[in-house]
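The chain contents come next:
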Amino acid sequence: MLVIVALSITVVAGLIAALVFVRNGPKAFAARAERDFAELKKWIGACLEQDLRLLDARLPAPGAEAGYGPPGAETAREYRRLAESHALRAWAADGTTYWREVSACTEALAKAGRELARGGGTNPPCLFDPAHGPSSTTVEWRPGEHGRPRQVPACAVDAAAVAAGQAPAYRYVTSDGGEVRYFDAYGLYASWLLGYFSGFDTDLTARLLAGTPLGAHLPDLIRGTS
Ligand SMILES: [Zn+2]
């Protein structure tokens, strides 16, 4: 009798647990996904803020361009304002709108960078950190020891570092794995990168970053299939 009661209790407890899982499982999963997305937005938001600060460091003080600063400084400031408004809109957005705002933000940042660049305004951004602005040359680089060497666009500072046998100033970002180079964060920063490379050959980033965790995602992301 005791055994039967104990078994019944176990069965009922099991059924209740199953029912609770069925009823709350999807909700709990959705809550988890929402939390994860909120965290992701924090990481990418911090990245965009850093981009805006990096651009500010390159912008001449207001008024200084009259005869001194780069001719495009005022236009660069307009693109900077546009970039900030997209970053703010991204905070409030979800789903594909969110990723579109992230790309629009970095596209505006790239345009600001091109306005400030003297002579290099039509080159693709520095691959090591696109916030460095348009590249001024290409250097041979390979991702990791076993990566295939290739020519990649680099800013003057990174090109000099690579020529001296040093590591370039890679952009580090926050990810599940802690602080990593942006191309080691799988697809998380793809929209961020593609905004910077907007207007260039769409497969360029996939070719340049082939063999990296991000490079593996880019061909499908560029074609909108994932
Ligand atoms: Zn650079």
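Refer to the structure presented above.
Every value quoted in this text rests on a predicted model; they were computed, and no experiment measured them. Residue positions are counted from 1 within each chain, in the order its sequence is given. Reporting in this predicted model follows two pLDDT cut-offs: at least 70 for local features of residues, and 80 or more for side-chain atom pairs to be given and counted; totals over whole chains, interfaces and linings ignore these cut-offs and use all residues. As a rule here, side-chain values cover all heavy atoms of the structure and leave hydrogens and water aside.

### Some remarks on the overall build of the protein chain
Point 1. If you tally the helices and strands in the protein chain, you get seven helices and four strands.
Point 2. Working definition: helices are DSSP H or I runs of at least four residues, strands are E runs of at least two. Numbering for both runs from the N terminus. Taken from the N to the C terminus, the helices and strands of the protein chain come in the order α-α-α-β-β-α-β-β-α-α-α.
Point 3. Under the scheme applied here, a residue whose accessible area is under 20% of the maximum for its type counts as buried, over 50% as exposed, and between as partly exposed, the area being computed with a 1.4 Å probe on protein chains only. The buried share of the protein chain, taken over its 226 residues, is 40%.
Point 4. By the convention used here, residues are in contact when the closest approach between their heavy atoms is within 4.5 Å. In the protein chain, 59% of the contacts between residues at least 6 apart in sequence involve partners at least 24 apart.
Point 5. Residue exposure ignores everything except the shown protein chains as possible cover, and the areas themselves are Shrake-Rupley values with a 1.4 Å probe. Approximately 12600 Å² of the protein chain is accessible, and the part contributed by carbon and sulfur atoms is 60%.

### Some remarks on helix H4 (residues 156-163)
Point 1. Buried residues of H4: Asp158, Ala159 and Ala161, and no others. Here the buried residues of H4 occupy an arc of 160° about the axis, which is enough to place them on one side. The exposed set on the far side of H4, more than 90 degrees from its buried face, consists of Ala156, Val157 and Ala163.
Point 2. Positioned one or two residues after H4, Gly165 has a phi angle of 80°, which is positive. Think of the arc as the fan of directions from the helix axis to the C-beta atoms.

### A few points about the nonpolar core
Point 1. Put simply, buried Ala, Val, Leu, Ile, Met, Phe, Trp, Tyr and Cys residues joined by side-chain atoms within 4.5 Å make one nonpolar core. With 51 residues, the main nonpolar core has Tyr182, Trp192 and Leu209 as its most contacted residues.
Point 2. For this core, the secondary structure elements donating two or more residues are helix H1 (2-58), helix H2 (73-92), helix H3 (95-116), strand E1 (137-141), strand E2 (150-154), helix H5 (190-196), helix H6 (204-208) and helix H7 (213-222).
Point 3. Broken down by element, this core gets its largest block of residues, eight residues, from H3.
Point 4. Setting aside its immediate chain neighbours within four residues, Tyr182 contacts Leu127, Phe128, Pro130, Arg171, Val173, Tyr189, Trp192, Leu193, Leu209 and Leu214.

### What about the pattern of salt bridges?
Point 1. Any Lys or Arg side-chain nitrogen found within 4 Å of a carboxyl oxygen on Asp or Glu counts as a salt bridge. Enumeration over the complete set of coordinates arrives at 12 salt bridges.
Point 2. Glu74 serves as the salt-bridge partner of Arg81, at 3.7 Å between the closest nitrogen and oxygen.
Point 3. You can call Arg81 partly exposed: its relative accessible area is 47%.
Point 4. Taken together, the shared-partner salt bridges in this structure form one network comprising Asp51, Asp129 and Arg171.

### Here's the deal with empty space enclosed by the protein
Point 1. A 1.4 Å probe that fits into a set of points on a 1 Å grid over the protein atoms alone but cannot get out defines a cavity; an open set with protein on both sides within 12 Å along at least five of seven lines defines a pocket, and lining residues are those with an atom within 4 Å of a point. Grid points are joined across faces, edges and corners, and a volume is the space filled by probe spheres set on the points. All told, the structure shown has two cavities of 30 Å³ or more when counted by the stated rule.
Point 2. A volume near 60 Å³ is recorded for the largest cavity.
Point 3. Looking at the lining of the largest cavity, the elements that each hand over two or more residues are H1 and H3.
Point 4. Within this model, the second largest cavity holds a volume of roughly 40 Å³.
Point 5. Contributing to the lining of the second largest cavity are Ala110, Gly113, Arg114, Asn123, Pro125, Pro130, Gly133 and Pro134.

### A few points about the pairing of strand E3 (residues 172-175)
Point 1. Burial along E3 is one-sided: Val173 and Ser175 are buried, while Tyr172 and Thr174, pointing the other way, are not.
Point 2. Paired strands are those between which DSSP finds at least two bridges. Adjacent in sequence and paired antiparallel, E3 and strand E4 (residues 178-181) are bridged by two residues.

### Re the packing of aromatic side chains
Point 1. The rule is short: rings of Phe, Tyr and Trp, with Trp giving its six-membered ring, pair when the centres are within 6.5 Å, and they are stacked under 30 degrees, edge-to-face over 60, tilted in between. On inspection of all chains with the given rule, the structure shows 12 aromatic pairs.
Point 2. Feature note: the residues Phe128, Trp141, Tyr170, Tyr182, Phe183, Tyr189, Trp192 and Tyr196 constitute an aromatic cluster, connected by ring pairs.
Point 3. Either the NZ atom of lysine or the CZ atom of arginine qualifies as a charge over a ring when it sits within 6 Å of the ring centre and within 35 degrees of the ring normal. Sitting over the face of the ring of Tyr170, Arg181 holds its NZ or CZ atom 4.8 Å from the ring centroid.

### Some thoughts on the coordination of the zinc ion
Point 1. Donor atoms from the polypeptide that bind the zinc ion are Cys126 (SG), His132 (ND1), Cys155 (SG) and Asp158 (OD), placed at 2.0 to 2.3 Å.
Point 2. Note that water is not among the atoms considered, so a metal site may appear incomplete; the donors listed are N, O and S atoms within 2.8 Å of the metal, with 3.2 Å applied to Na, K and Ca. Labels for metal geometry use angle windows, namely 85 to 135 degrees for all angles of a four-donor tetrahedral site, and for square planar (four donors) or octahedral (six donors) sites opposite donors over 155 degrees apart plus all others within 65 to 115; sites meeting none of these are irregular. Relative to the metal, the four donor atoms surrounding the zinc ion lie at angles of 94 to 120°, and the coordination shape comes out tetrahedral.

### Notes on the environment of Arg118
Point 1. Among the secondary structure elements, Arg118 is positioned in the loop between H3 and E1.
Point 2. Taking the C-alpha atoms as reference points, Arg118 and Pro71, 47 residues apart in sequence, are found 9.0 Å from one another.

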